[in-house]
Amino acid sequence: MKYCRRCLQPDTRPDIKFNEDGICNACLYEDFKKQIDWEKREKDLHAIAAWAKANAKTYDCVVGVSGGKDSTFQAIYAKEKLGLNPLLVNCAPDNITEVGRNNLENLVQWGFDMISLRPDPRIMKKLTRRAFYEFGNPIKPSEYPLYASAYIIADKFDIPLIIQGENAALTLGVVNGLGADGNALNVNEGNTLAGGNASDWLDDDIKPEDVFMYQFPDKNRLIQKNIKAIYLQYYVREWSNTHNTDFAVARGIGGRTQESLYDIGRYRRYSAVDSDMQIVNQMLKYYKFGFGFATDEACYDIREGRLTRDDAKWYVREYDGKCGQQYIEQFCRYIDISTQEFWRVTEKFINKKLFAKDETKWIPKFQVGEDFDESQ
Ligand SMILES: [Zn+2]
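Residues numbered from 1 in each chain as written. Predicted model: local features only at pLDDT ≥ 70, side-chain atom pairs only at ≥ 80, totals over all residues. Heavy atoms only, no water.

**A closer look at the overall build of the chain**
Across its full length, the chain holds 16 helices and 7 strands. For a compact globule of 376 residues, the expected C-alpha radius of gyration is about 21 Å, and the chain comes in at 21 Å, within 12% of that figure. Expressed as lengths along the three principal axes of its C-alpha atoms, the size of the chain is roughly 65 × 50 × 35 Å. Taken as a whole, the chain presents about 17100 Å² of accessible surface, with 47% of it coming from carbon and sulfur. One way to put it: in the chain the 51 positive side-chain charges average out to a point 1 Å from where the 56 negative ones average out. (Helix = DSSP H or I, 4+ residues; strand = E, 2+ residues; numbered from the N terminus. Rg over C-alpha atoms; globule rule 2.2 N^0.38 Å. Areas by Shrake-Rupley, 256 points an atom, 1.4 Å probe, with all protein chains shown as cover. Lys, Arg positive; Asp, Glu negative; His and termini not counted. Charge placed at Lys NZ, Arg CZ, Asp CG, Glu CD.)

**Description of the confidence of the model for the chain**
Residues at a pLDDT of 70 or more form 95% of the chain, whose mean pLDDT is 93. For the chain, helix α7 (residues 168-172) is the element with the lowest average pLDDT, namely 74, and strand β1 (residues 61-64) is the one with the highest, namely 98. (pLDDT = per-residue confidence, 0-100.)

**Details of unusual backbone geometry**
A positive phi is found at Asp15, a non-glycine position, where the angle reads about 70°. Position of Asp15 among the secondary structure elements: in the segment before α1 (25-33). If you check the backbone angles, Asn95 has positive phi at about 55° while not being a glycine. With respect to the secondary-structure elements, Asn95 resides in the loop between β2 (86-91) and α4 (98-108).

**Regarding the coordination of the zinc ion**
Six octahedrally arranged donors around a metal ideally form angles of 90 or 180 degrees; four tetrahedrally arranged donors ideally form angles of 109.5 degrees. The zinc ion binds to the protein through Cys4 (SG), Cys7 (SG), Cys24 (SG) and Cys27 (SG); the donor distances cover 2.3 Å. Classification of the site at the zinc ion as tetrahedral follows from its 4 donor atoms and the range of 103 to 115° in their angles at the metal. Motif for the zinc ion, donor spacing along one chain: C-x2-C-x16-C-x2-C. On the criterion of sequence distance, the pair formed by Cys7 in the segment before α1 and Cys27 in helix α1 is long-range, its members being 20 residues apart. By relative accessible area, which is 0% here, Cys7 ends up buried. (Donors = N, O, S within 2.8 Å, 3.2 Å for Na, K, Ca; no water. Tetrahedral: all angles 85-135°; square planar, octahedral: opposite > 155°, others 65-115°. Buried < 20%, exposed > 50% of the residue type's maximum accessible area, 1.4 Å probe, protein only.)

**Structural notes on the side chain of Gln9**
Secondary-structure assignment places Gln9 in the segment before α1. Here Arg13 takes part through its side chain, which lies 2.6 Å from a polar atom of the side chain of Gln9. In contact with Gln9, not counting residues within four places along its chain, are Lys2, Tyr3, Cys4, Ile16, Phe18, Cys24, Ala26, Leu172, Cys299 and Arg303. (Polar contact = N/O pair within 3.5 Å; in protein donor to acceptor, adjacent residues only side chain to side chain. Contact = heavy atoms within 4.5 Å.)

**Digging into the domain arrangement of the chain**
Considered domain by domain, the chain is made up of domain 1 (38-235) and domain 2 (256-356). For domain 1 and domain 2, the distance between their C-alpha centroids amounts to 24 Å. With 26 residues of domain 1 at the interface, the matching set in domain 2 holds 26 residues. Approximately 2200 Å² of surface area, both sides summed, lies buried where domain 1 meets domain 2, with 60% of it carried by carbon and sulfur atoms. By the criterion of area lost to domain 2, the three top residues of domain 1 are Phe132, Tyr133 and Ile139, representing 29% of everything that side buries. Run the count over domain 1 and domain 2 and you get 0 salt bridges. Taken together, the links from domain 1 to domain 2 amount to 11 residue pairs in polar contact (both at pLDDT 80 or more). Sorting the residues of the side of domain 1 that touches domain 2 by element identifies α4, α5 (121-135) and α7 as the ones contributing at least two each. Among the elements that line the side of domain 1 that touches domain 2, the one with the most residues is α5, at 9 residues. Among the residues forming the side of domain 1 that touches domain 2, the class breakdown is 11 nonpolar, 9 polar and 6 charged. (Domains from an automatic or database assignment. Buried area = accessible area lost by both parts, 1.4 Å probe. Salt bridge = Lys/Arg side-chain N within 4 Å of Asp/Glu carboxyl O. Nonpolar A, V, L, I, M, F, W, Y, C, P; charged D, E, K, R; others polar.)

**Here we look at the nonpolar core**
Formed by 58 residues in total, the largest nonpolar core has its most connected members in Leu8, Phe132, Tyr214, Phe342, Phe355 and Phe366. Elements with a minimum of two residues in this core: α1, α5, α11 (261-264), α12 (277-289), α13 (293-303), α14 (309-319), α15 (325-335) and α16 (339-349). Per-element accounting of this core gives the leading share, 7 residues, to α12. Each of two domains, domain 1 (38-235) and domain 2 (256-356), supplies a minimum of three residues to this core. Apart from residues lying up to four places away in sequence, Phe342 is in contact with Phe132, Val280, Met283, Leu284, Ile328, Phe331, Cys332 and Ile337. Counting residues in each nonpolar core, the second largest holds 49 residues, with Ala92, Ile163, Phe216 and Ala229 among its members. (Core = buried A, V, L, I, M, F, W, Y, C linked by side-chain atoms within 4.5 Å.)

**What about the side chain of Gln233?**
If you trace the backbone, Gln233 turns up in helix α9 (residues 232-235). A relative accessible area of 5% means that Gln233 is categorised as buried. Within the local environment of Gln233, its side chain forms a polar contact with the backbone nitrogen of Asn167, the two atoms lying 2.7 Å apart. Once residues lying within four places of it in the same chain are set aside, the contact partners of Gln233 are Tyr29, Trp38, Gly165, Glu166, Asn167, Thr171 and Trp239.

**Considerations on the state of the cysteines**
Within this structure, the stated rule accounts for 0 disulfides. Free cysteine: Cys332, not disulfide-bonded; nearest cysteine sulfur from Cys323 at 9.8 Å. Under the relative-accessibility criterion, Cys332 is labelled buried at 3%. (Disulfide = S-S within 2.5 Å.)

**Details of the sheet that holds strand β3 (residues 113-117)**
The 5 strands are arranged β3-β2-β1-β4-β5 in an open sheet whose pairing can be described as parallel. Only two strands of the sheet have a single partner each, and these edge strands are β3 and β5 (228-231). Along the sheet, successive strands turn relative to each other by an average axial angle of 25°, direction set aside. Where β1 lies against strand β4 (residues 161-164), 2 bridges are found, and the strand directions are parallel. Looking at the pairing, Cys61 lines up with Leu161 of β4. Sheet strands in contact with helix α3 (residues 69-81) are β1, β2 and β4, and its direction is about 165° off that of β1. (Pairing = 2+ DSSP bridges. Axes fitted to C-alpha atoms, helices over the stretch in contact; angles between N-to-C directions.)

Okay, structure coming up:
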């Protein structure tokens, strides 16, 4: 396992690219941002907004929202800065947290119409269970309707513009083209949803009509209807983790409590607050790839100048991969397995080159931030 020389991005992240000096693509994108002509992009964005207004029959744009920091910024930016009349679309996770529910309510109170989609929990539960057993990634099925929902609604209501937030491929550094444009029509071809299609989930039990909400509308039909989708991150200079958090906190969003941080494997309070299954998922990711959510946070903080690489290592060592027993038990109840069964399945996914078991626990063999020879 090798780490980026500048941040703490490990090369175990699927599809990650490093240059010949050992710098990851996400850090290279941070450099690249300095050469971007942001005034031109802002002008382009205002032209797109004017086009959407001119072509709207009902709403000007759709914004997919969880009520978290990024979607709160997107929705309010679209309304107040771009003067658009957005329709918010929410696709709530099963077992949404109280903070998540409050954040959604906080957002609509700023003056929005919102549609909520809710895929059948019995189907979601089955798929979550299957994704845990097959991929060690229980979150995977819920990402399909989450991403598809804004596109489904834009298609059905003939809304000309979809405003997405972050192009994760750029910020996580998993694509080569730093010059990627702001077009978000291909969102389902990105990393986590690579080739994502509702048919991925069909089996003897699950019929096509069970997974309608998991399916992106036909891209060619969206193009024919002249529906556009953009990443706001591409057009707006101030977009960053730090900025969006400050913005959304000022507008009233809530986060995790300080006391919970060790139990949730992060050291910042405002990411992925609406689902506790994310916490279990990040622990599984940690055991598979040697990094979890605290690493992602640390990488943002290093790139945004909030932490030095050395200080960030401490946070990662301290928090990465942690997951309170209550979240594991809650997840086990949800998919109806015992905690013994949870660990039996999880152990299959643990990367034995990166972790060794002492009496009871799996301990990392590697040191955070230091290249590690996996053949040891
Ligand atoms: Zn990096």
